[in-house]
Amino acid sequence: MRTYLVTGGAGFIGSNYIHYMFKKYGDEIRIINVDALTYAGNPANLKDIENRDNYTFIKADITDRAAIEKIFAENDIDRVVHFAAESHVDRSIEDPEIFVRTNVLGTQIMLNCAKKAWENEDGSFKEGKKFLHVSTDEVYGSLSDPEDYFYETTPYDPHSPYSASKASSDFIVKAYMDTYKFPANITNCSNNYGPYQFPEKLIPLMINNALNGRKLPVYGDGKNVRDWLYVEDHAKGIDLVQEKGRLFETYNIGGHNEKQNIEIVNLVIETLLELLPEDDERRKNVGKHLITYVTDRKGHDRRYAIAPDKIRAEIGWEPETMFAEGIKKTIKWYLENEEWMKNVTSGDYMKYYEEMYKDR
Ligand code: NAD
Ligand code: TYD
């Protein structure tokens, strides 16, 4: 039975990936999820699978070398899928240090522990072992020409502390591949949306604020563009890259689904009004009057867009969920999981929100 070590599996994309993998492979695989349970990690994201015999959760920090070494020593790991990271740009602008620590040092520690566990005496690696590093399109910087796209060959040009830390982690992975022929892949994906996303990111933040009648804070002129991908399509892409991709290659994952932020906010409001029953209390809060333009994010990248030509040609992956359908599914999920939202927005969240938005 193949054993996966997933890092950051209690977060947004990691938990969706674990759900996807059990749906696809059932009892054919075993998954060990290593997560430090930071503010972004939530065991409730995995409630329905936590009692499976072929699933194990280990609370550990990826920068804790001894803890990670122990996991490799006690388990014959076949695949690593590395999601764990600090992931929010605004937080990285406020406090870059933890981003360097987790994203750069944490990735190097993951790589080195896997290398030690998988290396043969002659410096080659045991058959079939693979490491996949999950990264972002933000490493490529901001596109100014509206006809231009990010390709795997686009030079790195990160601007935020977050994207700089992810770019650094990608380079560390590349260094392990080039220096040791360490069996790895890198995927660079565009903005994800879907269930279990923490409401510090655009879509769940707007859903939650609208339902509570709070202002919808649109940064700058609202015309920054992101390329949105339904999270399950990303999970599928990651699995396909690990199964069918060429080792040592980078694959960009994205959807040719570019939207301005203000289009997203309008669509969230319209979809909420469409889905909320007439007699639902929350309905009276929702409306476009909530939209408020606020001070722009520092160094705000204008446009991200991926041309997923390589993954389509080599692996046959394509985004399957059209945006209109994906956003409806997502909003429905948030409406049906009010408790989940209540739990993640209790405690420190409101403090974060006040701090982050008070001067905007
Ligand atoms: P997230 O913030 O929702 O989840 C991160 C997870 O990592 C959490 O469960 C957290 O507890 C865990 N974690 C953080 N620091 C840790 C540490 N030191 N040790 C162990 N676990 C730790 O992030 P996400 O949106 O699910 O993103 C997952 C990965 O995908 C990240 O590497 C991110 O850079 C990348 N990515 C995200 C997007 C996106 O749109 N969200 C797009 C492309 C790539
Ligand atoms: P975000 O979800 O933080 O993802 P990223 O910065 O990694 O792309 O933000 C998506 C876009 O939405 C980005 O251009 C910033 C903008 N944004 C707002 O306008 N208001 C908000 O409150 C947030 C969180 C984001």
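Provided above is the structure to which this section pertains.
Below is a summary of the structure that appears in this document. (Residues numbered from 1 in each chain as written. Chains lettered and ligands numbered in written order. Predicted model: local features only at pLDDT ≥ 70, side-chain atom pairs only at ≥ 80, totals over all residues. Heavy atoms only, no water.)

A look at the site of ligand 1
Inspection of the region around ligand 1 gives 28 residues, with I13, D35, S87, Y162 and K166 positioned closest. One nitrogen or oxygen atom from the main chain of G11 is found 2.9 Å from an oxygen atom belonging to ligand 1. One of the side-chain N or O atoms of D35 is found 2.6 Å from an oxygen atom in ligand 1. Among the secondary structure elements, those contributing two or more residues to the shell around ligand 1 are helix 1 (12-25), strand 5 (130-136), helix 5 (161-180) and strand 7 (191-193). The dominant element in the shell around ligand 1, judged by the number of residues it contributes, is strand 5, at three residues. Residue composition of the shell around ligand 1, by class: 14 nonpolar, eleven polar and three charged. (Near = heavy atom within 4 Å. Polar contact = N/O pair within 3.5 Å; in protein donor to acceptor, adjacent residues only side chain to side chain. Helix = DSSP H or I, 4+ residues; strand = E, 2+ residues; numbered from the N terminus. Nonpolar A, V, L, I, M, F, W, Y, C, P; charged D, E, K, R; others polar.)

Section: the site of ligand 2
In the vicinity of ligand 2, 19 residues are found, and the nearest of them are E138, R226, R297, H300 and Y357. Taking E138, its side chain carries an N or O atom lying 2.5 Å from an oxygen atom of ligand 2. Within the side chain of R226, an N or O atom sits 2.7 Å from an oxygen atom of ligand 2. Relative to its unbound accessible area of 510 Å², ligand 2 is 97% covered by the protein chains. Elements that contribute at least two residues to the shell around ligand 2 include exactly helix 6 (202-211) and strand 8 (216-219). Counted by class, the shell around ligand 2 contains nine nonpolar, five polar and five charged residues. (Areas by Shrake-Rupley, 256 points an atom, 1.4 Å probe, with all protein chains shown as cover.)

Description of the layout of surface pockets
When its volume is computed, the second largest pocket comes out at roughly 520 Å³. Contributing to the lining of the second largest pocket are 22 residues, with D90, E94, Y352, E355 and M356 lying nearest its centre. Counting residues per element, the ones that place at least two in the lining of the second largest pocket are helix 3 (89-94), helix 11 (338-344) and helix 12 (348-357). Broken down by element, the residue count for the lining of the second largest pocket peaks at six residues, all from helix 12. Per-class residue counts for the lining of the second largest pocket are seven nonpolar, three polar and twelve charged. (1 Å grid on protein atoms, 1.4 Å probe; cavity = no way out; pocket = protein on both sides within 12 Å on 5 of 7 lines; lining within 4 Å. Points joined across faces, edges and corners; volume = space filled by probe spheres on them.)

Let's talk about the nonpolar core
Within the largest apolar cluster, 39 residues are counted, with the highest numbers of intra-cluster contacts made by I207, L216 and L272. Counting residues per element, the ones that place at least two in this core are helix 6, strand 8, strand 9 (225-230), helix 8 (261-275), strand 12 (291-294), helix 10 (323-336), helix 11 and helix 12. Those residues in contact with L216 that lie beyond four places of it in its chain are M206, N209, A210, V265, I269, L290, I291 and T292. Ranked by size, the runner-up nonpolar core spans 29 residues in total, among them Y4, V134, I238 and L240. (Core = buried A, V, L, I, M, F, W, Y, C linked by side-chain atoms within 4.5 Å. Buried < 20%, exposed > 50% of the residue type's maximum accessible area, 1.4 Å probe, protein only. Contact = heavy atoms within 4.5 Å.)

Re the environment of W333
Residue placement: W333 occurs in helix 10. Under the relative-accessibility criterion, W333 is labelled buried at 14%. Separated by 137 residues in the primary sequence, W333 and Y196 have C-alpha atoms spaced 8.8 Å apart. Residue contacts for W333: discarding those within four places in its chain leaves P195, Y196 and W340.

A short note on the pattern of salt bridges
Considering all chains together, one arrives at 31 salt bridges under this definition. Measuring nitrogen to oxygen at the nearest pair gives 2.8 Å for the salt bridge that ties R303 to E258. Highlighted residues: R303 in the loop between strand 12 and helix 9 (309-315) and E258 in strand 11 (residues 258-260), separated in sequence by 45 residues. Taking the relative accessible area as the measure of exposure, E258 reaches 28% and is therefore partly exposed. The salt bridge involving D280 is made with R282; its shortest N-O contact spans 3.1 Å. Accessibility classification places D280 together with R282 in one group, the buried group. (Salt bridge = Lys/Arg side-chain N within 4 Å of Asp/Glu carboxyl O.)

Some remarks on the sheet that holds strand 7
Pairing is mixed across the open sheet formed by three strands, whose spatial order is 7-9-11. Either end of the sheet is taken by a strand with one partner, and the two such strands are strand 7 and strand 11. Averaged over all neighbouring strand pairs, the angle between strand axes comes to 50°, with direction disregarded. Sheet analysis places strand 9 next to strand 11, joined by three bridges and oriented antiparallel. Across the sheet, the residue bridging to V225 is Q260, located in strand 11. Across the sheet, helix 7 (residues 231-244) is in contact with strand 7 and strand 9; its angle to strand 9 comes to roughly 75°. (Pairing = 2+ DSSP bridges. Axes fitted to C-alpha atoms, helices over the stretch in contact; angles between N-to-C directions.)

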